[in-house]
Amino acid sequence: MAMQKKMVEDITSMEVDFAKWYTDVVKKAELIDYSSVKGCTIIQPYGCAIWENFHDILDKRLKETDHENVLLPLLIPENLLQKEKDHVNGFAPEVAWVTQGGDEKLTERLCVRPTSEVLFCEHYKKVINSYRDLPKLYNQWGSVVRWEKTTRPFLRTTEFWWQEGHTMHETEKEAIDETINMLDIYADICENQLAIPVLKGKKTDKEKFAGAVATYSIEAMMHDGKSLQSGTTHYFGDGFAKAFDITFQGRDNKPQFPCQTSWGMSTRIIGAIIMTHGDNDGLVLPPAVAPIQVIVIPIAQHKDGVIDKATEIKKRISAFCRAKIDVRDYSAGWKFAEYEMKGVPLRLEIGPKDIENNQCVIVRRDNREKYIVSLDNLETEIPKLLEELRKNLYEKALQNRESKTYSAKNFDELCNIAQEKNGFVKAMWCGDLECEMKIRDKAGLSSRCMPFAQEEVSDVCVCCGKPADKMVVWGKAY
RNA sequence: CGAGAUGUGGCUCAGUUUGGUAGAGCGCUGCGUUCGGGACGCAGAGGCCGCAAGUUCGAAUCUUGUCAUCUCGACCA
């Protein structure tokens with residue numbers, strides 16, 4: 001009997017070690033490679049293609065809502081960064097500095113942008129003069145650098161790619177609406193395209209962005225019950241505008257400060273996709289961002305006409321989906337495993353018997369269900385299956401979240417849940433930082449957000465017992 | 001940043017205790033046989049042993065430093 005040889009492509013199963021499973025998937029699916037600088041990763045073609053698909057989806061939504069893309073510098077002079085106190089204090093520990101140009105020491109050091117608020121402010125000061133210049137709805141696609149102590153592929157890297165929207169508005173209401181509308185767009189893309197259910201809510205003061213009046217986020221639950229902040233929007237009021245002396249002449253002919261927002265989603269979302277949908281065979285990609293939606297695999301491809309027929313089918317379905325054909329000289333089984341690892345939503349097998357019967361076999365990645373489909377029906381069946389797969393991914397993710405969501409009325413309950421389970425805990429909070437800190441230190445949970453969809457778990461704070469009317473979702477986070 | 005672990009062909013690792021001139025499996029290349037769930041045979045190619053300094057006649061192996069990766073913790077818009 002032949003010895004079963006060790007498969008180098010083996011992926012650690014999630015139940016054994018979720019963290020290792022994650023890095024195995026990231027590496028084996030060839031999403032990223034490490035560079036020689038700590039926390040800096042190379043996003044490989046397959047990972048990059050996922051990001052590009054995400055980029056296209058979001059960019060389209062931004063343009064539909066009148067946002068314009070710009071490109072700002074990578075470097076920020078120190079004095080500029082210093083202008084807004086809270087902001088600089090928040091970011092100081094994690095900025096990288098350029099101190100030398102060629103052989104010459106710089107008279108003023110330059111920071112590599114950790115985010116671009118101050119750059120946008122400097123520019124907005126110049127281009128905003130009248131209420132007629134507002135709103136300004138700018139967005140930038142680019143990368144930023146944050147010198148993190150602990151890094152993990154996609155989830156927290158030293159350099160990461162993202163979009164950062166920075167907008168200026170005439171009124172407070174308009175700016176607040178912008179932060180909420182953007183959060184809605186983020187949530188909509190997550191849920192309807194990426195099949196990731198999210199909680200929309202407001203961050204506590206402790207968790208909010210340095211310099212913001214309010215921060216909102218969408219929180220997604222990963223397969224292991226941990227939370228991943230997957231998109232954020234900030235309302236700044238006129239704090240930055242004052243610090244940077246940005247004024248415009250109002251409708252009343254008087255100088256006024258505009259109100260500002262910023263918001264971003266990053267390559268971290270790829271981590272969310274992996275940890276929401278992936279399984280022990282590797283990635284499972286939602287069709288909207290899958291670089292390959294249908295992989296065509298010719299069976300017994302050495303036989304006459306098989307490759308021709310498969311190529312013809314690939315060309316035909318390319319009209320309505322991202323399709324690829326693999327005619328490499330690997331066994332069919334090898335290819336099956338390969339594309340399952342890469343999370344390709346649908347596999348289309350076509351062999352001599354199929355050709356004879358004018359049919360093919362389509363297999364779904366999410367549940368391995370096999371369908372025998374007439375070649376006459378590909379145009380209707382493939383989109384239908386892709387959509388069913390998306391729905392199923394969403395349902396499974398939602399079910400996972402719901403099965404790992406608990407509620408606690410008092411501190412003991414909260415601690416017990418935190419001790420025994422991984423997941424979200426709904427509990428009331430009085431609003432005091434002290435209670436939030438105690439919950440972090442004693443229960444090991446941080447506040448994820450105060451969901452817009454509030455529920456009254458009880459009427460007193462889970463920590464101090466004083467009257468409370470805010471429900472907070474607590475959890476462990478990436 | 002604290003504690004621990006690791007770094008040897010593309011990948012997974014052995015070799016380090018006791019210093020003596022580098023190994024295996026997989027992958028890769030070529031040819032042939034296979035081909036509906038990770039096929040097989042034969043023949044090949046491929047390694048400044050993370051980097052730097054030191055000890056030594058001699059270092060993958062010992063010493064020091066440094067960089068990176070992983071795990072846990074602290075930190076983390």
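Structure's up top.
I will try to describe carefully the structure that is included in this document. Computed from a predicted structure; not experimentally measured.

Remarks on the nonpolar core
Ranked by size, the top nonpolar core spans 57 residues in total, and within it Trp-21, Leu-31, Phe-54, Leu-194, Ile-269 and Ile-274 carry the most contacts. Counting only elements with at least two residues in this core, the list comes to α1 (18–28), α2 (45–64), α6 (172–192), β10 (214–221), β14 (259–266), α8 (268–277), β15 (294–298) and α10 (332–341). Residues contacting Phe-54, with those up to four places away along its chain left out, are Ile-189, Leu-194, Met-265, Ile-269 and Val-289. Listed in part, the 28 residues of the second largest apolar core include Ala-408, Leu-414, Cys-435 and Val-457.

What to know about the protein's contact with RNA strand B
Close contacts around RNA strand B come from 47 residues, with Arg-146, Arg-156, Phe-209, Arg-347 and Asp-354 the closest. Near the protein, within 4 Å, the atoms of RNA strand B are sugar or phosphate in 43% of cases. One nitrogen or oxygen atom from the side chain of Arg-156 is found 2.6 Å from a base oxygen belonging to RNA strand B. The backbone of Phe-209 places a nitrogen or oxygen atom 2.5 Å from a sugar or linking oxygen of RNA strand B. Elements with a contribution of two residues or more to the surface near RNA strand B: β11 (227–237), α10, β17 (346–350) and α11 (352–356). Per-element accounting of the surface near RNA strand B gives the leading share, 7 residues, to α10. In terms of residue class, the surface near RNA strand B is built from 18 nonpolar, 10 polar and 19 charged.

Remarks on the environment of Thr-311
Tracing the backbone through its elements, the reader meets Thr-311 in helix α9 (residues 306–317). With relative accessibility at 26%, the residue Thr-311 sits in the partly exposed group. The spatial distance from the C-alpha of Thr-311 to the C-alpha of Val-296 is 8.3 Å, given a sequence separation of 15 residues.

Here we look at the environment of Thr-12
The topology assignment puts Thr-12 in the segment before α1. A relative accessible area of 19% means that Thr-12 is categorised as buried. With 346 residues separating them along the chain, Thr-12 and Asn-358 place their C-alpha atoms 40 Å apart. Ignoring any residue separated from it by four or fewer positions in sequence, one finds Thr-12 in contact with Asp-17, Lys-20, Trp-21, Asp-24 and Asn-280. A distance of 3.5 Å separates the side chain of Thr-12 from the side chain of Lys-20, its partner in a polar contact. Within polar-contact distance, the side chain of Thr-12 engages the side chain of Asp-24 at 2.6 Å.

Brief notes about the pairing of strand β7 (residues 136–145)
Where burial is concerned, most of β7 is hidden: 10 out of the 10 residues are buried. Burial along β7 is two-sided: the residues Lys-136, Tyr-138, Gln-140, Gly-142 and Val-144 and Leu-137, Asn-139, Trp-141, Ser-143 and Val-145 are all buried. Two elements, strand β3 (residues 68–69) and β7, share 2 bridges in a ladder whose sense is parallel. Each residue of the ladder has a partner; that of Asn-69, found in β7, is Asn-139. Note that β7 and strand β8 (residues 159–169) share 10 bridges and pair antiparallel. Paired with Tyr-138 across the bridge in β8 is His-166.

Definitions and cut-offs
Residues numbered from 1 in each chain as written. Chains lettered and ligands numbered in written order. Predicted model: local features only at pLDDT ≥ 70, side-chain atom pairs only at ≥ 80, totals over all residues. Heavy atoms only, no water. Core = buried A, V, L, I, M, F, W, Y, C linked by side-chain atoms within 4.5 Å. Buried < 20%, exposed > 50% of the residue type's maximum accessible area, 1.4 Å probe, protein only. Helix = DSSP H or I, 4+ residues; strand = E, 2+ residues; numbered from the N terminus. Contact = heavy atoms within 4.5 Å. Near = heavy atom within 4 Å. Polar contact = N/O pair within 3.5 Å; in protein donor to acceptor, adjacent residues only side chain to side chain. Nonpolar A, V, L, I, M, F, W, Y, C, P; charged D, E, K, R; others polar. Pairing = 2+ DSSP bridges.

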